[in-house]
Amino acid sequence: MTLRPADRSLLALAAIAIAIAAADTYVVVLALPDMSAAAGLDALELQRSAPIISGFLLGYVAMLPLIGRVADIEGRVPVLLLALAVFAVGSAVTMLAYDLPGMVAGRFLQGVGGGGLVPATMALVADLYPEERRGLPLGLVSAVQEFGSVLGPVAGALVLAVATWRGIFALNLAAAAVLLLAVGRAARRSAVVDASAAARRAAGHDVVSWLLLLLASVAGALNALRPPGVVRDLFWGQFFVSYVGTHRWLTPVGLVAVLALVALLVWSLTARHPLLDLRRWWRAFAAADLPGALLLAAALGGIVLAFGTGDPAVQVFSPAGPWYLLGSAVAAVLFVVHLRRASAPVVPRGSLAHRNAWGGLLVSFFVGSALIAAVVSIPIFAALTVHKDSQVAASLVLVRLLVALPVGAVLGGWLLRRLPAGVIAGGGMLLAAGGFVWMASWDAESLEHLVSTVPLLVTGLGFGLALAPVNAAVLAATDDAVHGLASAMTVVARMVGMLVGISALTALGLRAFYAAQRDIPAPAEVCGDEGSRCSAYIRLQLDAALTQEQFIFAGAAVCALVAAVLALVLLRGSDTRERGTAGLLIG
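The model shown is predicted, which means the values in this text are computed figures rather than measured ones.

Here we look at the overall build of the chain
Thought 1: For the chain, the helix and strand inventory stands at 24 helices and 0 strands.
Thought 2: Counting over 587 residues, the chain shows a buried share of 53%.
Thought 3: When contacts within the chain are restricted to residue pairs at least 6 apart in sequence, long-range pairs at least 24 apart make up 79% of them.
Thought 4: If you sum the accessible surface of the chain, you get close to 25100 Å²; carbon and sulfur atoms cover 70% of it.

Spelled out as structure tokens, the structure:
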């Protein structure tokens, strides 16, 4: 049986949506100073704008298990559409934000929507392809996702060259809106649409919802942007004067936006076929064990806030990190107690009990721990050596690794037809470990030579090779009814591994840095009367800084090696190879 063109189109559109969401993880890096200024923060307070990035990570990681479980209960396509809608709303909120809370709220919604796309798409692949044919589509989805990560900084730089930072989120909004319409159209022709498709078509003709949404959007945009020509007008300007103090949402325009939004929510709760059927989604979230999901979200959120709000170049985690981790531990204990008592928990009992399932999650954790070292430390190493005057050029060195990642992802998916998942994932992580060992030997001149590209390409290829096999092993070891949850937990494991890994590796690197600094003689011993300004002393300081990055690369090599061993041992029973010619008959 051949896969229908509509199903292929649906998967392709979902993969593109994942790429856009992945790009959004890094797209704000270059725009962060401008966004901070728009939020009223001083240039010296850039660290206070870190929640703009961590807010996205919090939404992406903490809500993934709940969204994955809802995808199992409600269906893949409805969750895809909902995730795109939430991503679009988050993009609009961020684009129109004028203060830090608004930006963080918008980025959080973007993270929720972007994260929700991943488990729904991975589960959709499992629905449409048999076990022995999932490798290549999973590899393609992973490749597109990693390509989005490469595209993010580049796309952000291109937009900033012709527009302000708001243009980045305007582009996100436009892309999400187009994809929302395209996915809806493809879904109506797809074999995976459920029996409620007629009700969704009726919802599309809900004129009241569209009018209220338009009114709330226009009033909200005017209230946020406050066009100078309109605000200074004697007549129209009075609609921007606050009734109480200077709060924007207590102006006539702000109140119109708020009241229209409230009316839209009331209509969505009472209408027969509203554009956003809140009653239906409430039932779905309740069935997915909302209390348990919130406890799990709190446990994951504490980890994200502890490790995701510090500066990885200088600190292990944020100053409030111990308190975040304490809250995370309490939530985790309560979650375990809840799992034992709930009749239908968000993580069904035994759903991840197979060795290949929990083993895949463990491998994914260490893959993330190693990968984050490359993402963070390679640009830092480049900035310390060959690109001292350009952070953008230093960041682009990482692209040499990232361009190999999608190639490895496709190759890994293709190899799944011929080799066991554990062998491919283990081999890929051995390649990554070898690349990191090579990078650990770099000195101040290494990046000036073309041969330095080899370990970057090898490491990226190794990471790519591991992605599809791990996903395929977890999906093969879990029931169809929990594929959304299993896919979500695989992504969560990798993201948590990235956050914890950079903390542990930074601690290792800082320890090496301080030890190297202690061995540096006093400036007078090295430079005489020149003090600390002579080139010899500056080189010693640079060598100490490079020692920190070299130790991080070495630590990443250990993490990659651990991932390789775990893949070879724990995933050895996961065999997704084609059997005879039977697999060739399926689309």
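Some points on the environment of V569
Thought 1: Tracing the chain through its elements places V569 in helix α24 (residues 535–570).
Thought 2: Placed 214 residues apart in sequence, V569 and R355 show a C-alpha to C-alpha distance of 10.0 Å.

Observations regarding the pattern of salt bridges
Thought 1: Within the structure shown, the criterion is met by 5 salt bridges.
Thought 2: For R280, the salt bridge identified is with E74, shortest N-O distance 2.3 Å. Linking R280 in helix α13 (residues 278–287) with E74 in helix α4 (residues 64–74), this pair joins segments that are 206 residues apart in sequence. Here R280 and E74 have matching classes, each one buried.
Thought 3: Measuring nitrogen to oxygen at the nearest pair gives 4.0 Å for the salt bridge that ties R279 to D277.
Thought 4: Through salt bridges with shared partners, a single ionic network connects R69, D72, R76 and D127.

Concerning the packing of helix α20 (residues 421–439) against helix α21 (residues 453–476)
Helix packing geometry: the angle between the two helix axes and the distance between the axes.
Thought 1: Between α20 and α21, the shortest axis-to-axis distance is 7 Å and the interhelical angle comes to 155 degrees. When the interaxial angle is binned, α20 and α21 end up roughly antiparallel. When the axes of α20 and α21 are compared, the crossing they make is left-handed. Contacts between α20 and α21 involve A421, I424, A425, G428, M429, L431, A432, G435, F436, W438 and M439 from the first element and V454, P455, L456, V458, T459, G462, F463, L465, A466, P469, V470 and A473 from the second.
Thought 2: Taken together, the residues that form the contact of α20 with α21 break down as 19 nonpolar, 4 polar and no charged.

Some details on a nonpolar patch on the surface
Thought 1: A cluster of nonpolar side chains, L419, V423, L430, L561, V565, L568 and V569, forms an exposed patch at the surface whose accessible area comes to about 540 Å².
Thought 2: Secondary-structure elements contributing two or more residues to the nonpolar patch are α20 and α24.
Thought 3: Here the nonpolar patch gets 4 residues from one element, more than from any other, and that element is α24.

What about the packing of aromatic side chains?
Thought 1: Summed over all chains, the structure comprises 12 aromatic pairs.
Thought 2: What links up through ring pairs into an aromatic cluster is the set F381, F436, W442, F463 and F553.
Thought 3: Just above the ring of Y98 sits the side chain of R248; from NZ or CZ to the centre is 3.9 Å.

Conventions adopted
- Residues numbered from 1 in each chain as written.
- Predicted model: local features only at pLDDT ≥ 70, side-chain atom pairs only at ≥ 80, totals over all residues.
- Heavy atoms only, no water.
- Helix = DSSP H or I, 4+ residues; strand = E, 2+ residues; numbered from the N terminus.
- Buried < 20%, exposed > 50% of the residue type's maximum accessible area, 1.4 Å probe, protein only.
- Contact = heavy atoms within 4.5 Å.
- Areas by Shrake-Rupley, 256 points an atom, 1.4 Å probe, with all protein chains shown as cover.
- Salt bridge = Lys/Arg side-chain N within 4 Å of Asp/Glu carboxyl O.
- Axes fitted to C-alpha atoms, helices over the stretch in contact; angles between N-to-C directions.
- Parallel < 35°, antiparallel > 145°, perpendicular 65-115°, else oblique.
- Left-handed = near helix turned anticlockwise from the far one by under 90°.
- Nonpolar A, V, L, I, M, F, W, Y, C, P; charged D, E, K, R; others polar.
- Patch = residues over 30% accessible without salt bridge, like charges linked within 9 Å, V, L, I, M, F, W, Y side chains within 5 Å.
- Phe/Tyr/Trp six-rings, centres within 6.5 Å; stacked < 30°, edge-to-face > 60°.
- Lys NZ or Arg CZ within 6 Å of the ring centre and 35° of its normal.

Honestly, that's just the spatial picture; any functional story needs more than this.
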